[in-house]
Amino acid sequence: MRTSAVIVAAGRGERFGGPKQAQPLLGVPLMEHSLMAFQHHPGVDEVILVLAEDLQALAEDLQQRYPKLQAVVPGGATRGASVFQGLQQVQGEWVLVHDAARPMVRAALIDRVLKGLERYPVVVPVVPVPDTVKYRRGDHLEGQVDRSEIALVQTPQGVWTRILRRAYERAGDQAIYFSDESNLVEHALGIHAVPVPGDPENLKVTFPEDLQRVEALMTRRMCVGFGYDRHQLGPGRPLMLGGVEVPSDLGALGHSDADVVIHALVDALLGAAAIGDIGALFPDHDPQWKDAPSRIFLEHACNLLRQKGFRVLHVDITVLLERPRIRPHALEIRQNLARMLGISVDRVSVKGKSGEGKGPVGRREVVEAYAVATLVGPMP
Ligand code: CTP
Ligand code: MG
């Protein structure tokens, strides 16, 4: 079944103390963690982002980096109104409505909701309540809730699109005041949601301290990779660094375009995910890779990482080259790498070092690059 995800990120974050959707979480805006999760889930065909009016300027860049993102639309005054705006764009028969405030959504949870939709029109992930729950009566507590009868509701909530549309129609003006999709459908159409196991780590960022809690959980999944490369220098060859041709009397010798920056970077990326190295993945005796421009290796490595659920957070590269100086070219190289990695340029660092006239670098015999990549691995 064709499936659309509607991610709502148009709230005002009053309890957070301001809009939270663009708050950095491990250097990535909060809402982008959800975009990544749905972009990379094979069961999701398109994504619609409902985004606060003052963040609409981000739409173009987001659509470039998340190809499934079909539309970015402004939200409404309530969550229900925002979902309704997103629903207008939905093409799928099934819709997953997800709060951008839940950046920890796992593929396995999305799987469970999708599986449920094969049989039921409204499917909601829930987690049990571990604590004792009591009623507040003025200044004292009274009675106790039977925990076995209650559950905490999460997103994504899955609904057959025609059912959700009908519920909005039926509920009329009141529709936008329902707290979530299951509540709306239950009241408007009398259809009850079916629970599937939620995920205790699929936390919602509501208060500022929630962001730290989520960040601490995510940090467990951080991994770092290191890469190195070196090529000889010689006349009559272009000097390619990070996919940019840097004007130089000496160029790098070797297979393909001998781009040490990309080669070191690819090794760092593959190393962080512990999935081999550039030589093993792209053997130069394989005609497919022979003389391929290095950017192809980087694109392939990025695809591989994405498929395995890794996200690149940051890369740092040092180029050892006697002449020319790297600094005048650093921004162009950073921009080029950022585009290929699908991250913003402020997450890509490129620095140059000379050999101070000493050693193979100083004698202009070689160019070298060291790279460190920081990634977030898939949810265990
Ligand atoms: N949301 C929305 N449009 C609204 C209200 C909420 O798109 N008018 C979205 C939020 O951006 C969030 C999700 O719905 O991703 C869940 O809402 P909540 O956590 O309550 O976020 P806020 O409404 O922004 O926060 P608050 O209630 O504290 O103001
Ligand atoms: Mg709210």
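Note that this is a predicted model, so its numbers are computed, not measured.

Definitions and limits used
- Residues numbered from 1 in each chain as written.
- Chains lettered and ligands numbered in written order.
- Predicted model: local features only at pLDDT ≥ 70, side-chain atom pairs only at ≥ 80, totals over all residues.
- Heavy atoms only, no water.
- Helix = DSSP H or I, 4+ residues; strand = E, 2+ residues; numbered from the N terminus.
- Buried < 20%, exposed > 50% of the residue type's maximum accessible area, 1.4 Å probe, protein only.
- Contact = heavy atoms within 4.5 Å.
- Areas by Shrake-Rupley, 256 points an atom, 1.4 Å probe, with all protein chains shown as cover.
- Lys, Arg positive; Asp, Glu negative; His and termini not counted.
- Charge placed at Lys NZ, Arg CZ, Asp CG, Glu CD.
- Core = buried A, V, L, I, M, F, W, Y, C linked by side-chain atoms within 4.5 Å.
- Near = heavy atom within 4 Å.
- Polar contact = N/O pair within 3.5 Å; in protein donor to acceptor, adjacent residues only side chain to side chain.
- Nonpolar A, V, L, I, M, F, W, Y, C, P; charged D, E, K, R; others polar.
- Pairing = 2+ DSSP bridges.
- Axes fitted to C-alpha atoms, helices over the stretch in contact; angles between N-to-C directions.

Go over the overall build of the protein chain with me, naming the residues and quoting the values.
The helix and strand inventory of the protein chain stands at 12 helices and 19 strands. Projected onto the principal axes, the alpha-carbon positions of the protein chain cover approximately 80 × 45 × 35 Å. Considering the protein chain as a whole, with its 380 residues, one finds that 52% of them fall into the buried category. For the protein chain, the proportion of contacts with a sequence separation of at least 24, taken over those separated by at least 6, is 72%. Carbon and sulfur atoms make up 51% of the accessible area of the protein chain, which amounts to about 18,100 Å² in all. Averaged over its 42 positive side-chain charges, the protein chain has a centre that lies 2 Å from the centre of its 45 negative ones.

Break down the nonpolar core for me, with residues and values.
In terms of nonpolar packing, the biggest core is built from 50 residues, with Leu-241, Leu-269, Leu-298, Leu-337 and Leu-341 touching the most fellow members. Per-element accounting of this core gives the leading share, 10 residues, to helix H8 (residues 260–272). Not counting residues up to four positions away in its chain, the partners in contact with Leu-241 are Val-246, Asp-259, Val-260, Val-261, Val-319, Leu-321, Ile-326, Ile-333 and Val-367. Membership of the second largest hydrophobic core comes to 43 residues, among which are Ala-9, Met-36, Leu-117 and Leu-211.

With reference to specific residues and values, describe the site of ligand 1.
Neighbouring ligand 1 are 18 residues; Gly-13, Glu-14, Arg-15, Ser-82 and Lys-204 lie closest to it. The backbone of Glu-14 places a nitrogen or oxygen atom 2.6 Å from an oxygen atom of ligand 1. Here a nitrogen atom of ligand 1 and a backbone polar atom of Ala-77 are 3.4 Å apart. Taken by itself ligand 1 offers 550 Å² of open surface, and the protein chains cover 87% of this. Only strand S1 (3–9) and helix H3 (79–87) provide two or more residues apiece to the shell around ligand 1. In terms of residue class, the shell around ligand 1 is made up of 6 nonpolar, 5 polar and 7 charged.

Kindly report on unusual backbone geometry, identifying the contributing residues and their values.
Along the chain, Thr-155 connects to Pro-156 via a cis peptide bond; the corresponding omega equals 10 degrees. Position of Pro-156 among the secondary structure elements: in the loop between strand S10 (152–153) and strand S11 (157–160). Of note, the amide linkage connecting Arg-323 to Pro-324 takes the cis form, showing an omega dihedral of -10 degrees. Positive phi outside glycine occurs at Glu-356, with the angle close to 50 degrees. Within the secondary structure, Glu-356 is located in the loop between strand S18 (348–353) and helix H12 (359–362). For Glu-356, a relative accessible area of 67% translates into the label exposed.

Describe the sheet that holds S18, with residues and values.
Across the sheet, 5 strands lie side by side as S16-S13-S19-S17-S18; this open sheet has mixed pairing. The open sheet has two edge strands, strand S16 (250–252) and S18, and neither has a second partner. Strand-to-strand twist in this sheet, taken as the mean axis angle between neighbours without regard to direction, amounts to 25 degrees. Alignment of strand S17 (residues 311–320) against strand S19 (residues 366–376), held across 9 bridges, turns out to be antiparallel. Counted as the bridge partner of His-314 is Thr-374 from S19. Together, strand S13 (222–235), S17 and S19 form the strand contacts of H8, whose direction differs from that of S13 by roughly 155 degrees. In the packing of helix H11 (residues 327–341) onto the sheet, contacts are made with S17 and S18, and the angle to S18 comes to roughly 145 degrees.

Requested: an account of the environment of Arg-15, with residues and values cited.
The residue Arg-15 is located in the loop between S1 and strand S2 (24–25) in this model. Here Arg-15 falls in the exposed class, since its relative accessible area comes to 56%. Linking Arg-15 and Ala-330, residues 315 residues apart in sequence, is a C-alpha distance of 41 Å. Those residues within four positions of Arg-15 in sequence are excluded, and the remaining contacts are Lys-204, Thr-206, Phe-207 and Pro-208.

Any functional reading would require information that these geometric values do not contain.
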